[in-house]
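Results of the structural survey
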Amino acid sequence: MTGTGSIGRRLTLLLAGVAALLSVLSWGMVTMLARQAAERTQDNVLAASVTAIAETLRSEQGEVRLELPYSAFSMLGAIGEDRVFYTVTAGDRTLTGYADLPVPDGRGGPGRIVFATGTYRGEAIRIASVTRVVLAGTSPVPVTVTVAQTRDGVGTIAADLSQLAAILAVAFFVVAVGLSAIAARTSLRPLKELTAAVSRRGPSDLRPLRRAAPSELAPLMGALNRLMDRLNLSLRRSEDFIAEAAHRVRTPLATVRTQAEIALRSVTDDADKQRLRQMIRAVDESSRSAGQLLDHATVAFRADDLPRAPVDLADLAARTVAALEPTAAMKEIRLQLDAVPAQVSGDPVLLDSALRNVLDNAIKYSPEDTVVHLQVMSIAHEARIAVTDQGPGLGEGPARALTERFRRGSNTEGIVGSGLGLTIAEEVLRAHGGRLDLGAGERGKGTCVTLVLPSS
Amino acid sequence: MRHACLAILLSLWAAAAPAQEIEAHRYYPGTGERVLRVLSTTDLEVFEPYLLAFQAARPEISIDYSVASSAELHRAIRDGAVYDLALSSAMDLQFQLANDGLARRYRSDATAALPDWARWRDLIFAFTAEPAVVVLSTERLEGLPLPRTRQDLISLLRDHPDRFRGAIGTYDVRDSGLGYLYATQEDRATDAYWRLTEVMGRLDPQLYCCSGQMIDDVSAGRLALAYNVLGSYATDRLARESGGRLQILRMQDFGNVMLRTAIIPATAEEVEAAGALIDMLTRLGLRDEPGDWPLPPLGQPDAGTTTGFGPIRLGPALMVYLDPLNRRAFLTEWENAMEQRQP
Ligand SMILES: Nc1ncnc2c1ncn2[C@@H]1O[C@H](COP(=O)(O)OP(=O)(O)OP(=O)(O)O)[C@@H](O)[C@H]1O
Ligand SMILES: [Mg+2]
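Residues numbered from 1 in each chain as written. Chains lettered and ligands numbered in written order. Predicted model: local features only at pLDDT ≥ 70, side-chain atom pairs only at ≥ 80, totals over all residues. Heavy atoms only, no water.

What about the nonpolar core?
Judged by nonpolar contacts, the single largest core of 149 residues is most densely connected at F73(A), F47(B), Y65(B), L85(B), F164(B), L225(B) and F330(B). Looking at this core, the element that brings in the most residues is strand β7 (residues 124-137) of chain B, giving ten residues. If you look at the next biggest cluster of nonpolar residues, it comprises 39 residues, including A354(A), A362(A), V428(A) and L453(A). (Core = buried A, V, L, I, M, F, W, Y, C linked by side-chain atoms within 4.5 Å. Buried < 20%, exposed > 50% of the residue type's maximum accessible area, 1.4 Å probe, protein only. Helix = DSSP H or I, 4+ residues; strand = E, 2+ residues; numbered from the N terminus.)

A look at the pattern of salt bridges
Counting across every chain of the model gives 43 salt bridges over all chains. Each member of the salt-bridge network shares a partner with another, and the members are D82(A), R83(A), E123(A), D152(A) and R121(B). (Salt bridge = Lys/Arg side-chain N within 4 Å of Asp/Glu carboxyl O.)

Some remarks on empty space enclosed by the protein
All names here are of chain A. For the structure shown, the criterion picks out six cavities of 30 Å³ or more. Taken as a whole, the largest cavity spans an internal volume of roughly 400 Å³. Lining the largest cavity are 27 residues, and of these N361, Y365, L394, L402 and L422 lie nearest its centre. For the lining of the largest cavity, the leading source of residues is helix α7 (residues 348-365), giving six residues. Split by residue class, the lining of the largest cavity holds ten nonpolar, twelve polar and five charged. Roughly 80 Å³ of internal volume is contained in the second largest cavity. (1 Å grid on protein atoms, 1.4 Å probe; cavity = no way out; pocket = protein on both sides within 12 Å on 5 of 7 lines; lining within 4 Å. Points joined across faces, edges and corners; volume = space filled by probe spheres on them. Nonpolar A, V, L, I, M, F, W, Y, C, P; charged D, E, K, R; others polar.)

A few points about the packing of helix α1 (residues 7-54) of chain A against helix α3 (residues 152-199) of chain A
Residue and element names in this part refer to chain A. Two numbers describe how α1 lies on α3: the axes approach to 7 Å, and their chain directions differ by 160°. Our classification of the angle between α1 and α3 gives roughly antiparallel. Note on packing geometry: the crossing formed by α1 with α3 is right-handed. Split by residue class, the contact of α1 with α3 holds 26 nonpolar, nine polar and two charged. (Axes fitted to C-alpha atoms, helices over the stretch in contact; angles between N-to-C directions. Parallel < 35°, antiparallel > 145°, perpendicular 65-115°, else oblique. Left-handed = near helix turned anticlockwise from the far one by under 90°.)

So, the site of ligand 1
Residues and elements named next belong to chain A. N361, Y365, R408, N411 and S418 are the nearest of the 22 residues found near ligand 1. Q292 is positioned with one of its side-chain polar atoms (N or O) 2.9 Å from an oxygen atom of ligand 1. A distance of 3.1 Å separates an oxygen atom of ligand 1 from a polar atom in the backbone of L420. When ligand 1 is considered free in solution it has 590 Å² of accessible area, and contact with the protein chains removes 99% of it. The site holding ligand 1 turns out to be the largest cavity. (Near = heavy atom within 4 Å. Polar contact = N/O pair within 3.5 Å; in protein donor to acceptor, adjacent residues only side chain to side chain. Areas by Shrake-Rupley, 256 points an atom, 1.4 Å probe, with all protein chains shown as cover. Sits in = over half its atoms within 2 Å of the grid points.)

Here it is, written out as structure tokens:
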């Protein structure tokens, strides 16, 4: 299976990315708002200051008079340690204050406070200005009161709040990442549960999944159920097909053999007899091959989906011995069984097929009037059936090679076989988690083939 | 050595050039060529221990110390005279210099340790907190109750005009920056101030430029009472003269506490040395024990407790009374109150 990364990680990263974006955005916004609020506060204080000064404007003996109220300046210290500049002009004449202080243009109506931003003596300042008309003597004079302040206090307040906002944003981000991880895991839990439910199932359990699932998983479950349905159907069909094929191949072969034997009995010519015998032999080979092929297919097919049941190897051995006793008797071979109970869990059909092939070899390759010895043992965590004969042995060359498909030994002249027997036995044992050991018999004579299975 | 001579000559020239009224001047030669030029309102005899302590720590620096009135000092710095440090008792004038960009920024561990109210924008640093007091002549007030508030004082002056006629001293606020600061702050804080000024005005008051002279005259018996005298000078004098002729009183209804402040003028050349002296002064300002120093620390025990008033705040409000219009109005009112001659 090729991984394209984890959905959980991707989801967490995505959510974390969103959280980071939101954190930065909120930090930026708080910083901006803090700056604006601080600036508005400064404007308010400046406005209050110019208003307080403008309120003292009056005319005495034709002269414009005013006094700077103490509070008008002391309130300017509220924002921070900012430098303060002010000027009061009547018409074009400076009454008091810093004559060169810039006065905002665009004077609003009388009493309207005008704000401006500028620089004075090399520092950025915020300026508030108000104009009142004072009747000096006979003519009305516009008197403008201007108060300006540097903006360090505003900057400090904004920077402090911005720093606080940054700390909060980082904290928010950290919490959000944690929550994202939890959210990702929570939302993926149904998927995990579904996975667990599917993998918990037995090998031949192809029943449809029936469980509550979130709407996003419902299509997946539907598809899975349909797939299992189809699989179930095609499995059943191929089982039927194998049985059908075996039947179809073997039945006509049996007919051919019977006819050939009848014919053998009725012919007298030696050459004809020889030909008919060869024919019978070929039919036997074909029939054997078809049978072994079908067995092999059965193994391959059942091993994928091994049905397990408790099996006692002693019983199994006894049944197999009983089944092959007639074959052995024809060669005057004695089958000798030593058995202790050895429990394994597995497919009895396949295990029987494996043992039958091994025992079949022992009988088939042994000379007449010998003994084939079966011993069932249970050692530590392993159950074994060792089949020992007094035959010619496995010959030169590596024994392992004999388990390859269609591989036959050099000692098989005149003996019918397909070369699939040990392959079947080996595959059965491998499917059960066991192995097939091939070796020589006692004192290096004969053959000893051992079926090894994990005991249950 | 040639350089040292040159530096001295230059410093003398620089100090003399803007034609200021230097009241006193002393040169403390150091081992090196650097000269720290200090312009101060503090009398030499009061400030000398500080200078000697500084030279003990930094012997390589020569100090050129000039004393001027606070108004003179303000004018000199405003006109661009070259000094490395300006120490003044007139907070408002010092503040204005800082506000108007005539001071140089300075920051160190010592200045950072100052409380917020004792510095402003790293431009101006307070190193003493000094109350305004009333100095009395024990001999001339014999048999009279000691006034505790301004109201008491007004009653005392009203009840015994003959004893006090011509024998009351106070600052001429037209000349003295510190006197003007005290007077304007009192104007703001208590309405008894104008009543008191009027009562004093009727008793032919003597006007002074400086605390020192007022204390001299009380001590000599020429004055019965001096109002709004710099407490530190008075305590210093009391400590040196043990005759019991002087008495120091702090008004209980309201008391001004002035901060003596330092700025490094924008024209300063020996910024490092000036900073070092500021560090020393602010450290001394934060000392816990009064010690042997002539000037009180910032947090002197009786600054807050007896009157409940903190020091005058360093802030833009200090500039209100420096406004020419306000100043003119205030002085007119003050003159009206002070100079009413009774037949
Ligand atoms: N007991 C044995 N004694 C001697 N040789 C054996 C024995 N068992 C297996 N062999 C050798 O191993 C070969 C492979 O055995 P295997 O059972 O796979 O094939 P087979 O017996 O030839 O054909 P079949 O598929 O009909 O069993 C045999 O051809 C034979 O040479
Ligand atoms: Mg075989």
